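Geometric and topological summary
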Amino acid sequence: MTYVILSLAVLAALAVVCVPTLRRLPFRPLALTAVALVVLTAVFDNVIVGLHIVAYDRARISGLLVPVAPIEDFAYALGAILVVPTLWTLLGKRKEPGARA
Amino acid sequence: MSSVFPGGAYLAALLVSLAGLGFLDWRHRVAVFADARRTLATIGIGVAAFLAWDLAGVGLGIFFRGDSRYLTGIQVAPEVPLEELLFLTLLVYQTLLLWLALSRRVASRSPASRSPASRSPLTATEEASG
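Because the structure is predicted, anything quoted here is derived from the model rather than measured.

**Overview of the overall build of chain B**
Tallying secondary structure elements over chain B gives three helices and three strands in all. Along chain B, from the amino end to the carboxyl end, the secondary structure elements read α-α-β-β-β-α. For chain B, the proportion of its 130 residues judged to be buried stands at 38%. Within chain B, contacts between residues separated by at least 24 positions form 65% of all contacts whose residues are at least 6 apart in sequence. When the accessible surface of chain B is totalled, it reaches about 7100 Å², and 64% of it is carbon and sulfur.

**Observations regarding the nonpolar core**
Counting 54 residues, the largest nonpolar core has Tyr3(A), Tyr76(A), Phe50(B), Trp53(B) and Phe63(B) as the members making the most contacts within it. Listing elements by their share of this core, those giving two or more residues are helix H1 (2–22), helix H2 (27–50), strand S1 (54–56) and helix H3 (74–93) of chain A together with helix H1 (9–28), helix H2 (36–59) and helix H3 (82–109) of chain B. Looking at this core, the element that brings in the most residues is H3(A), giving eleven residues. For Trp53(B), the contacting residues outside a window of four places in its chain are Leu6(A), Ser7(A), Val10(A), Leu11(A), Leu14(A), Ala75(A), Tyr76(A) and Gly79(A).

**Quick word on unusual backbone geometry**
Each neighbour pair has its own omega, and for Val66(A) with Pro67(A) the value is -20°, a cis peptide bond. Inspection of the secondary structure puts Pro67(A) in the loop between S1 and H3. The phi torsion at His52(A) lies on the positive side, around 60°, for a residue other than glycine. Inspection of the secondary structure assignment puts His52(A) in the loop between H2 and S1. Of note, Arg29(B) is a non-glycine position whose phi angle comes to about 50°, a positive value. Tracing the sequence through the fold places Arg29(B) in the loop between H1 and H2. Using a relative accessible area of 37% as the deciding quantity, one classes Arg29(B) as partly exposed.

**Regarding the packing of H3(A) against H3(B)**
H3(B) packs onto H3(A) with a crossing angle of 65° between their chain directions and a minimal axis gap of 9 Å. Of the two elements, H3(A) crosses H3(B), and the hand of that crossing is right-handed. Where H3(A) abuts H3(B), its residues Tyr76(A), Ala80(A), Ile81(A), Val84(A), Pro85(A), Trp88(A) and Thr89(A) lie against Leu88(B), Leu91(B), Val92(B), Thr95(B), Leu96(B), Trp99(B) and Leu100(B). Among the residues making up the contact of H3(A) with H3(B), the classes are represented as twelve nonpolar, two polar and no charged.

**Overview of the interface of chain B and chain A**
Across the boundary between the two partners, chain B contributes 40 residues, which contact 42 residues of chain A. Carbon and sulfur atoms supply 76% of the area buried between chain B and chain A, which totals about 3700 Å² over both sides. At the surface where chain B touches chain A, the tally comes to zero salt bridges. Linking chain B with chain A are nine residue pairs in polar contact (both at pLDDT 80 or more). Listed by contribution, the elements that provide at least two residues to the side of chain B that touches chain A are H2, strand S1 (63–65) and H3 of chain B. The biggest single contributor to the side of chain B that touches chain A is H3(B), with 13 residues. Residue composition of the side of chain B that touches chain A, grouped by class: 23 nonpolar, ten polar and seven charged.

**Points about the packing of aromatic side chains**
The full count for this structure, using the stated rule, is seven aromatic pairs over all chains. The interplanar angle of 80° and the centroid separation of 6.3 Å between the aromatic rings of Tyr56(A) and Phe63(B) together place this pair among those described as edge-to-face. Of this pair, Tyr56(A) sits in strand S1 while Phe63(B) sits in strand S1, each in a different chain. You can call Phe63(B) buried: its relative accessible area is 9%. Taking the centre distance of 5.8 Å and the plane angle of 40° together, the rings of Phe23(B) and Trp26(B) count as tilted. Here Phe23(B) and its partner Trp26(B) are both found in helix H1, three residues apart, which amounts to about one turn of the helix.

What counts and what doesn't
Residues numbered from 1 in each chain as written. Chains lettered and ligands numbered in written order. Predicted model: local features only at pLDDT ≥ 70, side-chain atom pairs only at ≥ 80, totals over all residues. Heavy atoms only, no water. Helix = DSSP H or I, 4+ residues; strand = E, 2+ residues; numbered from the N terminus. Buried < 20%, exposed > 50% of the residue type's maximum accessible area, 1.4 Å probe, protein only. Contact = heavy atoms within 4.5 Å. Areas by Shrake-Rupley, 256 points an atom, 1.4 Å probe, with all protein chains shown as cover. Core = buried A, V, L, I, M, F, W, Y, C linked by side-chain atoms within 4.5 Å. Axes fitted to C-alpha atoms, helices over the stretch in contact; angles between N-to-C directions. Left-handed = near helix turned anticlockwise from the far one by under 90°. Nonpolar A, V, L, I, M, F, W, Y, C, P; charged D, E, K, R; others polar. Buried area = accessible area lost by both parts, 1.4 Å probe. Salt bridge = Lys/Arg side-chain N within 4 Å of Asp/Glu carboxyl O. Polar contact = N/O pair within 3.5 Å; in protein donor to acceptor, adjacent residues only side chain to side chain. Phe/Tyr/Trp six-rings, centres within 6.5 Å; stacked < 30°, edge-to-face > 60°.

Spelled out as structure tokens, the structure:
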């Protein structure tokens, strides 16, 4: 369960930091990107795990596999949709007049 | 050296994938080719954040480098192969391109009906169109 706890803790921390920025962005592009990332993760993470490029301590994962990749790995896809649009938006604001220096 | 050197297979796949994204970015002027500094900063900070997440997982003994023959064996940190840096770059770049491209479609479909351009993440790229 260590991996479940780590994943949920990281996603919770990222959500606290990112959601205030994401709330002001159009919802559909974020949602569609999230769906696409989850699908891509389902395909390619299974390739990576299946080819033994990464390995896991079975005692520290939940054991829920889809079909060979641990379900916790999907936290990376969700983390990306939180972090990347937030960074892009905040980095663009810095240059605008009237923003905090 | 040989083109069938299996140790470079994953690295090569990542580089081909990144090149493909780079081509799409160039063709449609989405990220690097619209605002290079903003893109490189987004990718740099994003990759650093995911690397910290990786190191936490490695530190807790959750995951580690596999015994795959498709890895080069070069490591950038304990249990973190060189390829992981490129994988994280691919993840962040893919996310950025998809989201910006989808945002552009939404912005072009609803022309200034609800709120001004400040809502759009595309302030640097809006003049681009097919």
